[in-house]
Amino acid sequence: MGLLPYYSDLLEAGCDEAGRGCLAGPVVAAAVILRKGSDFKELNDSKQLTERKRMQLREVVMSEALAYGVGIVTAEEIDKINILNASFLAMHRALSKLKVQPEMLLIDGNRFKPYRDIKHVCVVGGDAKYQSIAAASILAKTTRDLMMEQYDAQFPVYNWKKNKGYPTPEHKRAIAEHGITPLHRKTFNMAIQTKIDFETI
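Predicted model, so just to flag it, every value in this text is computed and none were measured.

A word on the packing of aromatic side chains
Each aromatic ring pair is specified by the distance between its two centres and by the angle formed by the two planes. Inspection of the entire model under this criterion finds 4 aromatic pairs. Taken together, the ring pairs connect Phe155, Tyr158 and Trp160 into an aromatic cluster. When the ring centre of tyrosine 6 is taken as reference, the NZ or CZ atom of lysine 36 above it lies at 4.2 Å.

Structure representation (structure tokens):
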């Protein structure tokens, strides 16, 4: 069974973020409004797709959506306001870039900070249930991945081109050996140092 095209009869924007659990790089959110009457059966949770398929669908979303926006919150900002608030801020920034105002927001997850006076619905696992959220998931994930690949050229020892800043054993080992960069989330680093025995990696 495919994902549902709509939640309601209102003009909906699906919202999702990527990079919340990373040790380095920004958190990136996207908001996508799909055209009424459209049905993109290939859309799915970005985590369930291959990298190649995500990039293909990224182009479909950007060319076929009624409107889309991307919001970015830096590692420095994350350290100042915490990752939960950073995720909300990234979504708000994405929504502010929509050229069409939605009547309803479909938010992936169980919490959200209201945006303007637009009603919203939180949907746990929404990127595997509704096409607009899946589209936002794909756009957020691919945008962030492309950014991390660019950052990899500046800091190749962390292999962000492969791990995208997530806490892989290789990434943790690189932090232990080389320390952190300006792109690392310093509030995350203290937790890493206290919880991980690097000799076991």
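Right, picking up where we left off after that structure.
Quick word on the pattern of salt bridges
One side chain can pair with another of opposite charge once the charged atoms of both are near each other. Inspection of every chain in the model, using the stated rule, returns 8 salt bridges. Aspartate 39 serves as the salt-bridge partner of lysine 41, at 2.9 Å between the closest nitrogen and oxygen. Taking the relative accessible area as the measure of exposure, lysine 41 reaches 67% and is therefore exposed. Judged by its relative accessible area of 38%, aspartate 39 falls in the partly exposed class. In this structure, the salt-bridge partner of lysine 47 is aspartate 45, at a minimum N-O distance of 3.2 Å. Residues joined by salt bridges that share partners form a network here, namely Asp45, Lys47 and Asp127.

Comments concerning the packing of helix H1 (residues 51-64) against helix H4 (residues 131-154)
For the pair H1 and H4, the least separation of the axes is 9 Å and the interaxial angle reads 115°. Between H1 and H4 lies a crossing whose hand is left-handed. Residues Glu51, Arg54, Met55, Leu57, Arg58, Val61 and Met62 of H1 form the contact with H4, whose participating residues are Ala135, Ile138, Leu139, Lys141, Thr142, Thr143, Asp145, Leu146 and Glu149. Tallied by class, residues from the contact of H1 with H4 come to 8 nonpolar, 2 polar and 6 charged.

Notes on the pairing of strand E2 (residues 27-33)
In terms of burial, E2 is a largely internal element, 7 of the 7 residues being buried. Going residue by residue along E2, you find Val27, Ala29, Ala31 and Ile33 tucked away on one face and Val28, Ala30 and Val32 tucked away on the opposite face as well. As paired strands, strand E1 (residues 12-18) and E2 are joined by 5 bridges and run antiparallel to one another. Along E2, the bridge assignment pairs glycine 14 with valine 32. Of the pairings in the sheet, the one linking E2 to strand E3 (residues 67-73) comprises 7 bridges and is antiparallel in character. Bridge pairing in E3 places alanine 31 opposite glycine 69.

Points about the pairing of strand E4 (residues 104-108)
The buried count for E4 comes to 5 of 5 residues, which makes it a mostly enclosed element. Burial along E4 is two-sided: the residues Met104, Leu106 and Asp108 and Leu105 and Ile107 are all buried. Bridge count for E1 against E4 is 4 bridges, and the pairing is parallel. Bridging from a neighbouring strand, glutamate 12 pairs with methionine 104 of E4.

Quick notes on the nonpolar core
One finds Val32, Leu43, Leu95, Leu105 and Phe112 to be the most contacted residues of the largest nonpolar core, which totals 54 residues. Of all the secondary-structure elements, those providing two or more residues to this core are E1, E2, H1, E3, helix H3 (83-96), E4, H4 and helix H6 (169-178). Ranked by residue count, the leading element in this core is H4, at 9 residues. Of all hydrophobic cores here, the second largest spans 6 residues; its members include Met104, Val123, Tyr130 and Ile133.

Some words on unusual backbone geometry
Of note, the phi angle at asparagine 159 is positive, near 55°, even though the residue is not glycine. Taking relative accessible area as the criterion, asparagine 159 reaches 21% and is therefore assigned partly exposed. The backbone phi angle of lysine 164 is positive, close to 60°, even though this residue is not glycine. With respect to the element layout, lysine 164 can be found in the loop between helix H5 (160-163) and H6.

Scoring rules and cut-offs
Residues numbered from 1 in each chain as written. Predicted model: local features only at pLDDT ≥ 70, side-chain atom pairs only at ≥ 80, totals over all residues. Heavy atoms only, no water. Phe/Tyr/Trp six-rings, centres within 6.5 Å; stacked < 30°, edge-to-face > 60°. Lys NZ or Arg CZ within 6 Å of the ring centre and 35° of its normal. Salt bridge = Lys/Arg side-chain N within 4 Å of Asp/Glu carboxyl O. Buried < 20%, exposed > 50% of the residue type's maximum accessible area, 1.4 Å probe, protein only. Axes fitted to C-alpha atoms, helices over the stretch in contact; angles between N-to-C directions. Helix = DSSP H or I, 4+ residues; strand = E, 2+ residues; numbered from the N terminus. Left-handed = near helix turned anticlockwise from the far one by under 90°. Contact = heavy atoms within 4.5 Å. Nonpolar A, V, L, I, M, F, W, Y, C, P; charged D, E, K, R; others polar. Pairing = 2+ DSSP bridges. Core = buried A, V, L, I, M, F, W, Y, C linked by side-chain atoms within 4.5 Å.

The values are spatial; any link to function lies outside them.
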